[in-house]
Amino acid sequence: MLKTLLAGLALAAATFVAGSASAQAWDPKITDTDYVMGKADAPVTMLEFASFTCPHCAAFTNDVLPQLEKAYVDTGKVKIVFRQFPLNGLDLRAGMMARCAPREQYFNIAKVLFQTQQSWATAGDPIGALAQIGGMAGLPKDKFDACLADNAVADAIIKLGQEAQADYKVNATPTFVVEGEKIEGEASFDTFKAIFDKKLAEKGVATN
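Residues numbered from 1 in each chain as written. Predicted model: local features only at pLDDT ≥ 70, side-chain atom pairs only at ≥ 80, totals over all residues. Heavy atoms only, no water.

S.K.: Any details on the pattern of salt bridges? Residues and values, ideally.
M.R.: Applying the stated criterion across every chain yields a total of 10 salt bridges. In this structure, the salt-bridge partner of K29 is D167, at a minimum N-O distance of 3.9 Å. Placement of K29 in the loop between helix 2 (18-22) and strand 1 (35-37) and of D167 in helix 9 (residues 151-168) is noted, with a sequence separation of 138 residues between them. A salt bridge links K141 to D145; the shortest N-O distance between them is 2.9 Å. A residue pair is termed a helical-turn pair when its members lie 3 or 4 positions apart in one helix, as K141 and D145 do in helix 8 (residues 141-148) at 4 residues. According to the relative accessible area criterion, D145 is partly exposed, its value standing at 38%. The structure contains a network of salt bridges with shared partners spanning E181, K198 and K199. (Salt bridge = Lys/Arg side-chain N within 4 Å of Asp/Glu carboxyl O. Helix = DSSP H or I, 4+ residues; strand = E, 2+ residues; numbered from the N terminus. Buried < 20%, exposed > 50% of the residue type's maximum accessible area, 1.4 Å probe, protein only.)

The structure is reproduced here in structure tokens:
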């Protein structure tokens with residue numbers, strides 16, 4: 001079943017025109033099931049579509065995200081909505097583990113998954129490695145096993161990938177959407193800074 005659902009994410013996507021989304025009032029469709037970093041009333045919203053087994057996503061989380069948190073998230077200017085875009089079965093299961101752990105641990109788990117990606121993703125027993133990470137975050141082994149057998153948890157993540165393709169034509173990770181403007185692949189802090197400052201200025205928010 002999971003293999004069939006994941007295959008649906010491999011459908012070819014049409015080219016996204018960034019300006020078309022920003023020309024209208026942008027609705028990122030944030031719900032209570034989303035994982036949001038930052039203040040709810042932050043004037044600028046960025047969606048991040050990422051995969052836990054993606055090296056470029058790990059590079060963003062490890063190198064760029066800490067700078068963005070300090071300059072924009074912690075200051076209340078930007079909130080980041082993380083939405084998993086599963087690329088394979090192991091990636092899917094990493095996301096399932098993160099979802100089944102205590103909700104307040106989600107971003108801590110995500111950061112650990114990216115920081116230790118080379119260790120658990122290439123381990124002889126990657127599922128066992130994920131179980132260890134989950135255990136440290138408050139997800140005991142019996143609940144971990146039940147989580148990975150829960151099709152509803154898998155379906156929720158797969159649905160995120162399908163919606164990303166339908167709404168933003170996402171077909172690779174990482175992909176970011178800032179107030180309707182799309183950024184594909186790795187990007188530097190300066191690239192995000194320029195976009196954030198532009199969007200903040202459009203909303204009349206001082207950037208300094």
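S.K.: Can you tell me about the confidence of the model for the protein chain, naming the residues and giving the values?
M.R.: Looking at the protein chain, pLDDT values average 90 and 88% of them are 70 or higher. This stretch, residues 1-23, has a pLDDT under 50; its non-local contacts, to residues over four places away or in other chains, come to 39 contacts. (pLDDT = per-residue confidence, 0-100. Contact = heavy atoms within 4.5 Å.)

S.K.: Break down the packing of aromatic side chains for me, citing the residues and quoting the values.
M.R.: Under the counting rule described, the total for this entry stands at 11 aromatic pairs. For the ring pair F52 and F114, a centre distance of 5.2 Å and an interplane angle of 40° mean the geometry is tilted. A residue pair is termed long-range when its members are at least 10 positions apart, and F52 in the loop between strand 2 (44-50) and helix 3 (55-73) and F114 in helix 5 (residues 106-115) qualify at 62 residues. Ring-pair connections join several aromatic residues into one group, and the members of that group are Y35, F52, F82, Y106, F107 and F114. Over the ring of Y35 we find R103, and its NZ or CZ is 4.4 Å from the ring centre. (Phe/Tyr/Trp six-rings, centres within 6.5 Å; stacked < 30°, edge-to-face > 60°. Lys NZ or Arg CZ within 6 Å of the ring centre and 35° of its normal.)

S.K.: Lay out the layout of surface pockets with the relevant residues and their values.
M.R.: Here the largest pocket is characterised by a volume of approximately 280 Å³. Lining the largest pocket are 17 residues, with T31, D34, R83, L160 and E163 positioned closest to its centre. Residue assignment for the lining of the largest pocket shows that the elements contributing at least two residues are strand 3 (78-84) and helix 9. For the lining of the largest pocket, the element with the most residues is helix 9, which contributes 7 residues. Here the lining of the largest pocket is built from residues that sort into 8 nonpolar, 2 polar and 7 charged. (1 Å grid on protein atoms, 1.4 Å probe; cavity = no way out; pocket = protein on both sides within 12 Å on 5 of 7 lines; lining within 4 Å. Points joined across faces, edges and corners; volume = space filled by probe spheres on them. Nonpolar A, V, L, I, M, F, W, Y, C, P; charged D, E, K, R; others polar.)

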